[in-house]
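Observations on the model geometry
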Amino acid sequence: MHYLIDELTTEMGKAFETAGYDPALGRVQVSARPDLAQYQCNGAMAGAKKYHKAPFVIAQDVANALQASDILENVQVVKPGFINCDVNTEFLTGYIREMEASDHFGLETGDPKTVIIDYGGPNVAKPLHVGHLRSAVIGDSIKRIMRYHGDTVIGDIHLGDWGLQMGLVITELKKRHPELPYFDPNFTGEYPAEAPFTVSDLEEIYPFASKRSKEDKEYYAEALENTHRLQEKERGLYALWQKIIDVSVADLKKNYARLDVTFDLWNGESTVNDLIPGMVDRLKKEGYAYESEGALVVDVAEDSDAKEIPPCMILKSDGAALYTTTDLATIEDREARYNPDAIVYVTDKRQELHFIQVFRAAKKCHLADENCTLSHVGFGTVNGKDGHAFKTREGGVMRLETLITDIDQAMYDKISSNPDIPEDEAKTTAHQVALAAIKYGDLQNQPAKDYIFDTEKFTSFEGNTGPYLLYTMVRIKSILHRYAESEGAKDAAKLKVASPISKAETNLMLDLSGFNAMMDEAYRDFAPNRVCAFLYQAANDFNSFYHETKILAEPDVQKKESYIALLKVTLDIFEACTAVLGFTAPERM
Ligand code: ARG
């Protein structure tokens, strides 16, 4: 099935053609003035030059040709040459029925692709902070959107597990516990199964070591040395590193599980360590990489660059690999293992230049297949109400854990005030709604935009918030539930929507009819924010319909059954939306 907007465009194009104009001018879009019409076409303005005619005249010719249409109606020409129109309600109703009968409500899927999404990207031994929220939530949603679209998607967390921060932690552990066997070069036995530290120890050790390395040159040199020895896989340090990974990863898994964010691969920078020397050799041999001021670089500037793109550094002058190097080796590794059609990276937008360099170098040096699309989705900063980076009340870095706990609590306070909901359920529901508050608060923004984390606003049951949407879904569920229990009730899934009676009902159906095209755009543009905007508009229109319509009390059985059918398809579509955003509605709240 085609998207409704495309069907309307075809119909409009035919009218242009009948009137003697180019059918390509007939592009229809949702009206910018919904008070005047549902749809509009601006093609007459575009055709004015070509046909040396006033746009108004062209528009009138087209409007006359549209008299014969049984799809577009209420056609009106508005100066200077807008063609406003509505869709025929029978046609709209038929379209909604067809959506219900189609897979994924008529979303066109095309050939399924194999895609790797690189998101999350936490650094081992450093606590997750609010900045990590965005990569996790946006990346997870893009993954879900792609899966909904039918692609095979592999989510890789790409841990930061191999850089200087590991050397810092090792150095500090050695200072505190020099007696540990990991530091004894003569030790040949088995290392203890138990890690000699907890995750809280690590969280204290890393910032401590990082601070000290900035003040103490000798300490810093030692950390570099230990990083190097680790990267050479010195037995003791490598075993200790493994312990750090185990403890950290267990904690990361707990945190991501609380966010209901999952990964298929828990690879990291370390995964490709052994591939780096071979890759570097090849880049040298094939003439892509050359020495410049002691470092090894690949040129990636292009003639059409508006700003200077510096060469991509592969090895530092001391021979150390860089962030860029591991990213290039990771591309080569992913190609070899998965032969992906696309790789998508979700990181802070301040890494834009890094990814421009990496992508260009990967293509130039044939590390990535010609046909593999490399994309970077860069996101903005999470700010507090003061416009600065989001902090705790005490002014410290906001940990992700604390943030989730705070929002859980705020939601629990609201939900537990409902005396019908028992304690246990209130807790589970509070977390479910908290996830919606957090994720929707983030995803409703274009990824690249900074946004203000406003706890009060995000947790409100009113306005453009996750809880409001869930509340609306709970309302629909409750009506469907009461209907199912009423006398003479039929299976809601088998009932058919009939032509809308009120304007509010029409508006809701118009919203729903745009679901498939919207989902396609969200897919192509990596834009969960479109799903959010769709949901919010449709939820508002549903609530208007609900407030002015007697649904269960409707005495005309046919009408009532049609309303129930509409509620059912509304709920199904809303559930498809929240599923790709990464949250679900409870039964009550
Ligand atoms: N660990 C990195 C950071 O904290 C993010 C990793 C993103 N992924 C990648 N392949 N570079 O900034």
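Data block above holds the structure.
A brief look at the structure comes next. (Residues numbered from 1 in each chain as written. Predicted model: local features only at pLDDT ≥ 70, side-chain atom pairs only at ≥ 80, totals over all residues. Heavy atoms only, no water.)

Along the chain, the regular secondary structure elements total 20 helices and 13 strands. Each principal axis of the C-alpha distribution contributes one length, and for the chain these read about 90 × 65 × 40 Å. Looking at the 589 residues of the chain, the share that counts as buried comes to 51%. Restricting to contacts in the chain with at least 6 residues of sequence separation, those with at least 24 account for 74%. Considering the chain, the positive charge centre built from 63 side chains and the negative charge centre built from 92 side chains are found 2 Å apart. (Helix = DSSP H or I, 4+ residues; strand = E, 2+ residues; numbered from the N terminus. Buried < 20%, exposed > 50% of the residue type's maximum accessible area, 1.4 Å probe, protein only. Contact = heavy atoms within 4.5 Å. Lys, Arg positive; Asp, Glu negative; His and termini not counted. Charge placed at Lys NZ, Arg CZ, Asp CG, Glu CD.)

An ideal rise of 1.5 Å per residue puts 30 Å on 21 residues; helix α19 (residues 528-548) measures up with 31 Å between its terminal C-alpha atoms. The set of residues buried in α19 consists of Pro 528, Asn 529, Val 531, Cys 532, Phe 534, Leu 535, Ala 538, Ala 539, Asp 541, Phe 542, Asn 543 and Phe 545. Looking at the buried positions of α19, the neighbouring elements they touch are α5 (130-148), α14 (423-443), α16 (466-485), α17 (503-513), α18 (515-524) and α20 (557-581). (Expected span 1.5 Å × (residues − 1).)

Once that is clear, we can look at the pattern of salt bridges. One pass over the full model with this rule turns up 39 salt bridges. Connected via shared salt-bridge partners are Asp 118, Asp 156 and Arg 334. (Salt bridge = Lys/Arg side-chain N within 4 Å of Asp/Glu carboxyl O.)

All right, on to the nonpolar core then. Judged by nonpolar contacts, the single largest core of 154 residues is most densely connected at Met 12, Leu 133, Ile 244, Phe 453 and Phe 515. Per element, the largest residue contribution to this core is 13 residues, and it comes from α20. Leaving out residues up to four positions away in the same chain, Phe 515 has contacts with Met 99, His 104, Phe 105, Tyr 148, Phe 534, Ile 573, Ala 576 and Cys 577. Formed by 32 residues, the second largest nonpolar core is a distinct cluster that contains Val 280, Tyr 288, Val 358 and Phe 359. (Core = buried A, V, L, I, M, F, W, Y, C linked by side-chain atoms within 4.5 Å.)

By the alternation rule, side chains of strand β8 (residues 295-298) split into Ala 295 and Val 297 and Leu 296 and Val 298, which are all buried. Inspection of the sheet shows strand β7 (residues 289-292) paired to β8 by 4 bridges, in the antiparallel sense. Among the inter-strand pairings, Glu 291 is bridged to a residue of β8, identified as Leu 296. Taking the residues between adjacent antiparallel strands as the criterion, β7 and β8 are bridged by 2 residues, where Glu 293 takes a positive phi near 50°. Summarising the sheet, β8 and strand β9 (residues 312-315) pair through 3 bridges and their orientation is antiparallel. Opposite Val 297, over in β9, you have Met 313 as the bridge partner. (Pairing = 2+ DSSP bridges.)

Glancing now at the site of the ligand. Within the structure, the ligand sits among Asp 118, Gly 121, Asn 123, His 158, Tyr 323, Asp 327, Tyr 345, Thr 347, Gln 351 and Phe 355. In this structure, a nitrogen atom belonging to the ligand sits 2.8 Å away from a side-chain N or O atom of Asp 118. In this structure, Tyr 323 approaches the ligand through a side-chain N or O atom, which is 2.8 Å from a nitrogen atom. In the complex, the protein chains occlude 85% of the 350 Å² of accessible area that the ligand would expose alone. Residue assignment for the shell around the ligand shows that the elements contributing at least two residues are α11 (323-338) and β10 (342-348). Tallied by class, the residues present in the shell around the ligand amount to 3 nonpolar, 5 polar and 2 charged. (Near = heavy atom within 4 Å. Polar contact = N/O pair within 3.5 Å; in protein donor to acceptor, adjacent residues only side chain to side chain. Areas by Shrake-Rupley, 256 points an atom, 1.4 Å probe, with all protein chains shown as cover. Nonpolar A, V, L, I, M, F, W, Y, C, P; charged D, E, K, R; others polar.)

Here we come to the sheet that holds β8. Here we have 3 strands laid out as an open sheet, ordered β7-β8-β9, and antiparallel in their pairing. Lying at the two open borders of the sheet, with one neighbouring strand each, are β7 and β9. Sheet twist, expressed as the average angle between the axes of neighbouring strands with direction ignored, equals 45°. Sheet strands touched by helix α10 (residues 276-285): β7, β8 and β9. Its angle to β9, the strand with the most contacts, is close to 120°. (Axes fitted to C-alpha atoms, helices over the stretch in contact; angles between N-to-C directions.)

Tallied over the entire structure, the rule returns 2 cavities of 30 Å³ or more. Size it by volume and the largest cavity reaches roughly 120 Å³. Taken together, 16 residues make up the lining of the largest cavity; nearest its centre are Lys 126, Pro 127, Leu 128, Glu 203 and Asp 251. Looking at the lining of the largest cavity element by element, the count peaks at 4 residues for helix α9 (residues 235-258). Here the lining of the largest cavity is built from residues that sort into 8 nonpolar, 3 polar and 5 charged. Each pocket or cavity is described by its volume, and for the second largest cavity that value is around 70 Å³. Around the second largest cavity, the lining is made up of 13 residues, and of these Asp 156, Asn 267, Thr 330, Asp 333 and Arg 334 lie nearest the centre. No other element matches α11, which puts 5 residues into the lining of the second largest cavity. (1 Å grid on protein atoms, 1.4 Å probe; cavity = no way out; pocket = protein on both sides within 12 Å on 5 of 7 lines; lining within 4 Å. Points joined across faces, edges and corners; volume = space filled by probe spheres on them.)

Function-wise, these values are silent; they only describe arrangement.
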